[in-house]
Amino acid sequence: MEEKVLLKASLVFPVTHTHVLLAKKQKKIGKGCWNGYGGGPEPGDRDILDTAVRELREESGGMTCQREALQKVAVVDFHNRKHDGEQFTCRVDVYLLHAWSGQPTVTPEMTEPTWFAKGDLPLAGLMPADPDWLPRVLAGETIYAEAWYGPEQKTLEQPTQIRSLSPEELNRL
């Protein structure tokens, strides 16, 4: 299996005061896991905010937002080990989104869009490191986290490290 190497990505979680929208990934890393909407830069993206807006639209089947509506709440460095032992780090900028247009639908990338109460997440169905950091950002914390994954991001090789940051510190990352 060809393992994807992605060095920079965005991840968007549409939220209300009490709920978060998750969908199940249908492809690639994390297939079958609940997640937000996101991915890596493509030609034409000016920056990671453009990537976040585009990925939300593509993966949700039509939800759109303004760049200014994205609230950066975390930076997570995912240290990944491939089957051949090669390692790479993917830095993910994580955003909460409180204002958007459109409704989520099933797409080739994501299925079963579902609103979950922030305090009742499907923790066992998330990517292995996500239960460590996602509840904290949904509770209003801004963080920097590091997770160490084995091949195909199916297992954690050591505990996730999380550090609280001020929004100003976070924006400098």
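Up top you'll find the structure we're talking about.
Predicted model only: the values in this text are computed from it and were never measured.

**Student:** Before we move on, could you go through helix H1 (residues 48–60) and cite the residues and values that matter?
**Tutor:** The end-to-end C-alpha separation of H1 is 18 Å, in line with the 18 Å expected for 13 residues at 1.5 Å each. Counting buried positions over the 13 residues of H1 gives 10, a clear majority of the element. Among all positions of H1, only Ile48, Asp50, Thr51, Ala52, Val53, Arg54, Glu55, Leu56, Glu59 and Ser60 are buried. Looking at the packing, one finds that the buried side of H1 touches strand E1 (8–14), strand E4 (37–39), strand E5 (70–81), strand E6 (87–97) and strand E7 (110–117). The backbone nitrogen of Leu49 lies 3.1 Å from a side-chain oxygen of the residue at the head of H1, namely Asp47. Positive phi shows up at Gly61, right after H1, with a value of about 80°.

**Student:** How would you summarise helix H2 (residues 130–138) if you had to cite specific residues and measurements?
**Tutor:** The α-helix winds at 3.6 residues per turn, so residues separated by three or four positions along the chain end up facing the same way. Taken as a whole, H2 has its buried residues at Asp130, Trp133, Leu134, Val137 and Leu138. Mapping the buried residues of H2 onto a view down its axis gives an arc of 130°, with all of them on the same face. At the C-terminal side of H2, Gly140 shows a positive phi close to 105°.

**Student:** Go over the sheet that holds E7, please, and point to the residues and values.
**Tutor:** Taken in spatial order, the 3 strands of this open sheet run E3-E2-E7, and their pairing is antiparallel. Both outer strands of the open sheet, strand E3 (34–35) and E7, are each paired with one neighbouring strand and no more. Where strand E2 (residues 19–25) and E7 come together, 6 bridges link them in antiparallel fashion. Looking across to E7, one finds that Lys24 is bridged to Thr111.

Here is what the cut-offs are and how they apply
Residues numbered from 1 in each chain as written. Predicted model: local features only at pLDDT ≥ 70, side-chain atom pairs only at ≥ 80, totals over all residues. Heavy atoms only, no water. Helix = DSSP H or I, 4+ residues; strand = E, 2+ residues; numbered from the N terminus. Expected span 1.5 Å × (residues − 1). Buried < 20%, exposed > 50% of the residue type's maximum accessible area, 1.4 Å probe, protein only. Contact = heavy atoms within 4.5 Å. Polar contact = N/O pair within 3.5 Å; in protein donor to acceptor, adjacent residues only side chain to side chain. Arc of directions from axis to C-beta. Pairing = 2+ DSSP bridges.

Don't take any of this as a statement about function, it's just geometry.
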